[in-house]
Amino acid sequence: MKEFLLRNLHGDVEGTCSGKVGFIICVLTVTNISPGKVLPGSGLAEFVVQYQAIVFKPYKGEVVDAIVTSVNQIGFFADVGPLQVFVAQKLMPNDFKFDSNGPCYRGDDQMIEKNGQVRLKIVGLKHQATQINAVGTIKEDYLGQIQ
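Residues numbered from 1 in each chain as written. Predicted model: local features only at pLDDT ≥ 70, side-chain atom pairs only at ≥ 80, totals over all residues. Heavy atoms only, no water.

## Regarding the UniProt feature "domain: S1 motif" (unreviewed entry) in the chain
So, point 1. What UniProt calls "domain: S1 motif" (unreviewed entry) maps, in this numbering, to residues 57–131.
So, point 2. Across residues 57–131, the secondary structure splits into 0% helix and 56% strand, with the terminal C-alpha atoms separated by 11 Å. (UniProt positions renumbered as here; feature names shortened; annotations may be inferred. Helix = DSSP H or I, 4+ residues; strand = E, 2+ residues; numbered from the N terminus.)

## Describing the packing of aromatic side chains
So, point 1. On inspection of all chains with the given rule, the structure shows three aromatic pairs.
So, point 2. Seen from their ring centres, Phe 23 and Phe 56 are 6.2 Å apart, and the 20° between their planes marks the pair as stacked. In this pair, Phe 23 sits in strand β2 (residues 22–33) while Phe 56 sits in strand β5 (residues 49–56), placing the two residues 33 residues apart along the sequence.
So, point 3. What makes Phe 23 buried here is its relative accessible area of 9%.
So, point 4. The class for Phe 56 is buried, based on a relative accessible area of 18%. (Phe/Tyr/Trp six-rings, centres within 6.5 Å; stacked < 30°, edge-to-face > 60°. Buried < 20%, exposed > 50% of the residue type's maximum accessible area, 1.4 Å probe, protein only.)

## Quick notes on the sheet that holds β2
So, point 1. Strand order in this open sheet of three strands is β1-β2-β5, and the pairing throughout is antiparallel. Two strands bound the open sheet, and with one partner strand each, they are β1 (17–18) and β5.
So, point 2. Pairing between β2 and β5: eight bridges, direction antiparallel. The partner of Ile 33 across the bridge, within β5, is Val 49.
So, point 3. Across the face of the sheet, helix α1 (residues 2–13) comes into contact with β2 and β5 while running at roughly 160° to β2. (Pairing = 2+ DSSP bridges. Contact = heavy atoms within 4.5 Å. Axes fitted to C-alpha atoms, helices over the stretch in contact; angles between N-to-C directions.)

## A few points about the UniProt feature "domain: RNA polymerase Rpb7-like N-terminal" (unreviewed entry) in the chain
So, point 1. As recorded in UniProt, the feature "domain: RNA polymerase Rpb7-like N-terminal" (unreviewed entry) lies at residues 2–43.
So, point 2. Annotated as residues 2–43, this span is 29% helix and 38% strand, and its ends, taken at the C-alpha atoms, are 18 Å apart.

Here it is in structure tokens:
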């Protein structure tokens with residue numbers, strides 16, 4: 001029974017997002033499993049499981065490295081592990097211009113293109129029940145393309 005509960009816990013929890021705790025990356029240990037209760041009318045059993053896990057909870061002002069997933073005229077999207085961050089053109093340095101041939105953004109000495117690596121700062125977060133949305137900037141010193 002314990003192995004069944006552990007398999008279900010790993011399958012149901014790992015890789016999910018909770019706006020309260022962030023992205024649950026991996027369950028480390030199970031600290032407690034309740035004896036369980038039989039639910040009336042269905043014959044199913046309910047268990048309360050306490051566990052420790054590795055989580056990723058981004059916060060405003062955090063500087064992270066990301067992989068660019070798409071580039072368009074209004075900005076670009078980049079993935080920071082399970083988190084997708086949008087960087088609008090207004091949150092890029094003034095010398096960055098959109099090049100539709102790439103598509104990419106070109107600056108004096110940098111280029112932001114799909115599958116490229118960037119260092120960005122999270123400037124806004126929106127926590128929802130099952131997801132977290134983020135807005136970032138590369139308009140500050142030491143941010144932008146990673147070479």
